[in-house]
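Survey of secondary and tertiary structure
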Amino acid sequence: MDESVRAGALQGFHGLVRDLGGDPEPLVRQSGLDPESLRDPEAMVSLPAVALLLEQAAQRHACPTFGLRLGSRQDPEVLGLLAVVIQDTATVAEALRTVSRYLFVHSPAYELALEDPSRQLPGCLTLRFDVSLATGVPQRQLLDGFLAAAFRMARALVPAELRPRGVSIPHTPTGRPEEYRDCFGANVFFAQPYAGLHFGREVLTASMRGSQPRLRERAAAYLAARQPPAGHGVSARVRDVLKSTVGVNRGTKAEIAALLGLHPRTLQRRLTAEGAAFEEIRTEVYRAATWRLLRETRIPLSHTAAALGFSEQSAMSRSVRRWFGTTPSRIRAQVSGNAGAATFRRPGDVPR
């Protein structure tokens, strides 16, 4: 996996650090990034280094919601030419298809998926976001920043007032929960299986603001020439469905095949044709989700096991030993600076 991102993703970083009374240059160098490379928003830089930079900035300046604040400062220009293409789409539905197709230009490690209908909130759709990074790379500030930026950009590009029905965060709050609610103007559900914005389904037909068609055509041609759109084979669809249903069901081949409208044998044949195996994909998804909940939340281990869909805590412990060679409690004990304990709640359990 190409773990890079456009330097434009750090739009507003230097200004925020200065507002907090700091000097951004030493932080940039400490994270392993070249300050000169950040001057060109189209330059591709290390995404793990960017994630580390945000975590270090939050700690250095005692600003636990640094990522959230940074994302709230960003505008559509953070996406470069992709923003031009998005801006001139006719509807939100078309804009989402465009983002999904070309997001790899901004970062090959970013994943955006539309879940319609939402499996979390009845009557809603969900915009799910994930980052494919090596295990151990801190992602809390990165994910907070992306969700805040995505919400702010959506409000800038859509004339109609956008109000999410809810927001899912895959970790405990980095700061006060009230700061999250103030940022999104909606209920925020922490320690969830994935990061996501939940909207009413009517948002898909909302119109976009529009821009210059000729400029859009040139930008779209440029993006298309950069790299073929990310594949949407059955293995990618299986991975998406597994991510969106972690903890909702057991994630068996039969369950996932049913959600994809396929017979389990048909699903297996198509995966084999792509050189993929269902159990390998399932292990990859559940391993990453388990690591994230153990490292980036403080919910009790019994609740963590339930959130991941394990039948009991001992079943989770056996899987953790097999995957990481240690116990869930030892993984959690290695983490320092996490937020306090949070009560696990599913979005559907909280009034909207």
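Basis of the calculations
Residues numbered from 1 in each chain as written. Predicted model: local features only at pLDDT ≥ 70, side-chain atom pairs only at ≥ 80, totals over all residues. Heavy atoms only, no water. Helix = DSSP H or I, 4+ residues; strand = E, 2+ residues; numbered from the N terminus. Buried < 20%, exposed > 50% of the residue type's maximum accessible area, 1.4 Å probe, protein only. Areas by Shrake-Rupley, 256 points an atom, 1.4 Å probe, with all protein chains shown as cover. Polar contact = N/O pair within 3.5 Å; in protein donor to acceptor, adjacent residues only side chain to side chain. Contact = heavy atoms within 4.5 Å. Core = buried A, V, L, I, M, F, W, Y, C linked by side-chain atoms within 4.5 Å. Salt bridge = Lys/Arg side-chain N within 4 Å of Asp/Glu carboxyl O. Phe/Tyr/Trp six-rings, centres within 6.5 Å; stacked < 30°, edge-to-face > 60°. Lys NZ or Arg CZ within 6 Å of the ring centre and 35° of its normal. 1 Å grid on protein atoms, 1.4 Å probe; cavity = no way out; pocket = protein on both sides within 12 Å on 5 of 7 lines; lining within 4 Å. Points joined across faces, edges and corners; volume = space filled by probe spheres on them. Nonpolar A, V, L, I, M, F, W, Y, C, P; charged D, E, K, R; others polar. Pairing = 2+ DSSP bridges.

1. A look at the overall build of the protein
Within the protein, the secondary structure is distributed over 16 helices and seven strands. The proportion of buried residues among the 352 residues of the protein is 54%. Carbon and sulfur atoms form 49% of the exposed surface of the protein, whose accessible area is close to 15,900 Å².

2. With respect to the side chain of Thr126
Here Thr126 lies in strand 4 (residues 124-131). Residue Thr126 is classed as buried on the basis of its relative accessible area, which comes to 0%. Polar contacts involving the side chain of Thr126 include one to the side chain of His198, which spans 2.8 Å. Residues in contact with Thr126, not counting those within four places in the same chain, are Ala113, Leu114, Glu115, Ser118, Tyr194, Gly196, Leu197 and His198.

3. Concerning the nonpolar core
The biggest cluster of nonpolar side chains holds 72 residues, and the ones touching the most others in it are Phe13, Leu47, Phe66, Tyr110, Val131, Leu142 and Phe184. Setting aside residues no more than four positions away along its own chain, Phe13 makes contact with Pro24, Leu27, Val28, Leu53, Leu54, Ala57, Phe66 and Leu70. By size, the runner-up hydrophobic cluster in this structure holds 32 residues, among which are Leu267, Ala289, Trp291 and Ile299.

4. Thoughts on the pattern of salt bridges
Think of it this way: side chains of opposite charge can pair up when their charged atoms draw near. Enumeration over the complete set of coordinates arrives at 14 salt bridges. Notably, a salt bridge pairs Arg176 with Glu179, separated by 3.8 Å at the nearest N-O pair. The class of Arg176 is partly exposed, set by a relative accessible area of 49%. Among the ionic pairs, Glu178 bridges to Arg181, the shortest N-O distance being 3.6 Å. Taken together, the residues span about one helical turn, with Glu178 and Arg181 both in helix 8 (residues 177-184) at a distance of three residues. According to the relative accessible area criterion, Arg181 is partly exposed, its value standing at 36%. Put simply, Arg69, Arg176, Glu178, Glu179 and Arg181 are held in one network by salt bridges that share partners.

5. Observations concerning the packing of aromatic side chains
The tally for this structure, following the rule as stated, stands at nine aromatic pairs. With a centroid separation of 6.2 Å and an interplanar angle of 75 degrees, the aromatic rings of Trp323 and Phe324 are classed as edge-to-face. Like Trp323, the residue Phe324 is buried in the burial classification. Here the aromatic cluster, defined as three or more aromatic residues joined through ring pairs, consists of Tyr110, Phe129 and Phe146. Between the NZ or CZ atom of Arg128 and the centre of the ring of Tyr194, over which it lies, the distance is 5.3 Å. Directly above the aromatic system of Tyr286 lies the positively charged group of Arg282, at a separation of 4.1 Å from the ring centroid.

6. Structural notes on empty space enclosed by the protein
For the coordinates displayed, the defined rule picks out four cavities of 30 Å³ or more. The space that makes up the largest cavity amounts to roughly 660 Å³. Taken together, 41 residues form the lining of the largest cavity, with Leu79, Phe146, Ala149, Ala150 and Met153 sitting closest to its centre. Broken down by secondary-structure element, the contributors of at least two residues to the lining of the largest cavity are helix 3 (47-60), helix 4 (66-73), helix 5 (81-87), helix 6 (92-106), strand 3 (110-115), strand 4, helix 7 (140-157) and strand 7 (195-200). Its residues assigned to classes, the lining of the largest cavity shows 35 nonpolar, six polar and no charged.

7. What to know about the pairing of strand 7
Burial analysis of strand 7 places six of its six residues in the buried class, which makes it a mostly covered element. Of the pairings in the sheet, the one linking strand 4 to strand 7 comprises six bridges and is antiparallel in character. Counterpart to Leu125 in the pairing with strand 7 is Phe199. Relative to strand 7, strand 5 (residues 166-168) is paired through three bridges, and the arrangement is antiparallel. Counterpart to Gly166 in the pairing with strand 7 is His198.

8. Looking at the environment of Arg73
Within the fold, Arg73 resides in helix 4. Note on Arg73: relative accessible area 38%, which makes it partly exposed. Distance in space between the C-alpha atoms of Arg73 and Gly12 is 6.5 Å, their sequence separation being 61 residues. Excluding residues that lie within four positions of it along the chain, Arg73 makes contacts with Gln11, Gly12, Gly15, Leu16, Asp19 and Arg152.

9. Section: the environment of Arg265
Checked against the element boundaries, Arg265 lands in helix 12 (residues 264-273). Accessibility expressed as a relative area gives 63% for Arg265, which makes it exposed. Residues Arg265 and Lys253, 12 residues apart in the sequence, show an inter-C-alpha distance of 9.3 Å.

10. Section: the side chain of His106
As for its placement among the helices and strands, His106 is situated in helix 6. Here His106 is in contact with Val5, Arg6, Ala9, Met44, Val78 and Leu79, once residues within four sequence places are set aside.

11. Side note on the environment of Phe13
Looking at where Phe13 falls in the secondary structure, it is placed in helix 1 (residues 13-19). Taking relative accessible area as the criterion, Phe13 reaches 0% and is therefore assigned buried. Spatially, the C-alpha atom of Phe13 lies 8.7 Å from that of Leu54, the residues being 41 residues apart in sequence.

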